[in-house]
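Commentary on secondary and tertiary structure
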Amino acid sequence: MMGPSHALSGAAVWLAGSWAVDHFAGYAQSPLAIGVGTAVCAGGALLPDLDLSGKVTRNQGGATVARTFGVFSLFVAEVIEKISLGVYTATKLSRDPRRNNGHRTFTHTLPFAGLVGWGTTALCASYGKWAVVAVVFFMAGLALRGLFDEWAERAGWLIVTLASGVIAWFTAAHLPGDRGYPILGFAVGVGCVVHLLGDMVTKNGVPILWPIPMGRRMWRMIGVPNGMAVRVGGRTEVVVLRTVFTLIAILSVFGMFAPHVLQRLDLDVWADG
């Protein structure tokens, strides 16, 4: 899938999950908590594509996520792509093909999703509020780059970075500082898993079961049959799937907040009466 579809699917899944725990388990969250979780999950849904690097010296190419913060994020993507290729080369078996790039390898696995989720939780638990703010800054930038791709492309990486800074500042100003916020690590991990599921419905699939060997292959790509696969950037992805994700997000927000708004209006009517 393309970056905007990944980000939108991450946001939709987080909002739908927030509605579900509110409706069925009575676990209500503040609007700020829902907004931060949604941004982090949307950003996490772009994170696996940091293994698709571009040209650092020209500030060109790469996946959507790699262009978020200009040369800096392109450099990070270059490093992660080489690490992913190294992991692939070091662990491949006899039936695994030779590769000259690391895209759709290590960062497209469940262990990677678990690792970044756990790492985010550990970072926030160890360093507190300012680690939370740093995570929000980075993930908000990815979310902005994905959810508002055309605007971000026109505005440029500097404006995206400044907007991420504003979101992080607002979060720092309103977020209590006496918690570790493990939910952020969960949001990052969920976003990564949503990315994997999105890529599994496209051609080629992802090595989601790594490092389980199957038939002398460590990196077997798992996905739907090619005849059923969604074409990346095609009508099914851009029109159908994005419309579905948008509707899920809107209905989830409505389901969480509409009852409270209606209750408040009823109270106001009774008070006026």
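Worth saying up front: this structure is predicted, and the values here are computed from it rather than measured. (Residues numbered from 1 in each chain as written. Predicted model: local features only at pLDDT ≥ 70, side-chain atom pairs only at ≥ 80, totals over all residues. Heavy atoms only, no water.)

Of all hydrophobic cores here, the largest spans 36 residues; its most connected members are Val40, Leu47, Val132, Met139, Leu142 and Leu184. Secondary structure elements with two or more residues in this core: α1 (3-25), α2 (31-44), α3 (71-91), α4 (110-127), α5 (129-147) and α8 (182-200). The leading source of residues in this core is α8, at six residues. Among residues more than four places away in sequence, those in contact with Met139 are Ala39, Val40, Gly43, Gly44, Leu47 and Val188. Counting ten residues, the second largest nonpolar core, distinct from the first, contains Leu8, Ile34, Phe245 and Ala249. (Core = buried A, V, L, I, M, F, W, Y, C linked by side-chain atoms within 4.5 Å. Buried < 20%, exposed > 50% of the residue type's maximum accessible area, 1.4 Å probe, protein only. Helix = DSSP H or I, 4+ residues; strand = E, 2+ residues; numbered from the N terminus. Contact = heavy atoms within 4.5 Å.)

For the rest of this paragraph, the subject is the confidence of the model for the chain. With 90% of its residues at a pLDDT of at least 70, the chain reaches an overall mean of 86. Element-level pLDDT for the chain is lowest in strand β2 (residues 60-61), with a mean of 56, against a maximum mean of 93 in α8. (pLDDT = per-residue confidence, 0-100.)

To continue, consider unusual backbone geometry. Between Trp210 and the following residue, Pro211, the backbone shows a cis peptide bond with an omega angle of 10°. Located in the positive-phi region is Asn204, a residue other than glycine, with phi close to 90°. Here Asn204 is to be found in the loop between α8 and α9 (235-272). Owing to a relative accessible area of 55%, Asn204 belongs among the exposed residues under this scheme.

Another point: the packing of α2 against α8. Across the interface, α2 lies against α8 with an axial gap of 7 Å and an inter-helix angle of 40°. Classified by the angle their axes make, α2 and α8 are oblique. Seen from above, α2 lies across α8 with right-handed handedness. Counted together, Val36, Gly37, Val40, Cys41 and Gly44 of α2 and Leu184, Ala187, Val188, Val190, Gly191 and Cys192 of α8 form the full contact between these two elements. Considered class by class, the residues forming the contact of α2 with α8 number eight nonpolar, three polar and no charged. (Axes fitted to C-alpha atoms, helices over the stretch in contact; angles between N-to-C directions. Parallel < 35°, antiparallel > 145°, perpendicular 65-115°, else oblique. Left-handed = near helix turned anticlockwise from the far one by under 90°. Nonpolar A, V, L, I, M, F, W, Y, C, P; charged D, E, K, R; others polar.)

A cluster of nonpolar side chains, Met2, Val232, Val238, Val239, Val240, Val244 and Ile248, forms an exposed patch at the surface whose accessible area comes to about 490 Å². Considering the arrangement of structural elements, one finds Ile248 in helix α9. (Patch = residues over 30% accessible without salt bridge, like charges linked within 9 Å, V, L, I, M, F, W, Y side chains within 5 Å. Areas by Shrake-Rupley, 256 points an atom, 1.4 Å probe, with all protein chains shown as cover. Salt bridge = Lys/Arg side-chain N within 4 Å of Asp/Glu carboxyl O.)

This part covers the packing of α5 against helix α7 (residues 157-174). Each pair of packed helices can be summarised by the angle the axes make with each other and by the distance between the axes. Their axes nearest at 8 Å, the elements α5 and α7 cross at an angle of 140°. Helix-helix and strand crossings are classified by hand; for α5 and α7 the assignment is right-handed. Residue-level contacts link Lys129, Trp130, Val133, Val136, Phe137, Ala140, Gly141 and Leu144 of α5 to Val160, Thr161, Ala163, Ser164, Gly165, Ile167, Ala168, Thr171 and Ala172 of α7. In terms of residue class, the contact of α5 with α7 is made up of eleven nonpolar, five polar and one charged.

The final tally for this structure, using the stated rule, is eight salt bridges. The partner of Arg104 in a salt bridge is Asp199, and the shortest N-O contact between them spans 3.5 Å. With Arg104 in the loop between α3 and α4 and Asp199 in helix α8, the pair connects residues that are 95 residues apart, well separated along the chain. For Arg104, a relative accessible area of 12% corresponds to the buried category. Since its relative accessible area comes to 2%, Asp199 is described here as buried.

Now for the UniProt feature "transmembrane region" (unreviewed entry) in the chain. UniProt tags residues 130-148, 155-175, 181-198 and 238-258 as "transmembrane region" (unreviewed entry). Secondary structure content for residues 181-198 is 94% helix and 0% strand, and the end C-alpha separation is 27 Å. Helix makes up 100% of residues 238-258 and strand 0%, with an end-to-end C-alpha separation of 29 Å. (UniProt positions renumbered as here; feature names shortened; annotations may be inferred.)

Structurally, Thr161 can be placed in helix α7. The exposure class of Thr161 is buried, given its relative accessible area of 18%. In this structure the side chain of Thr161 is engaged in a polar contact, spanning 2.8 Å, whose partner is the backbone oxygen of Trp157. (Polar contact = N/O pair within 3.5 Å; in protein donor to acceptor, adjacent residues only side chain to side chain.)

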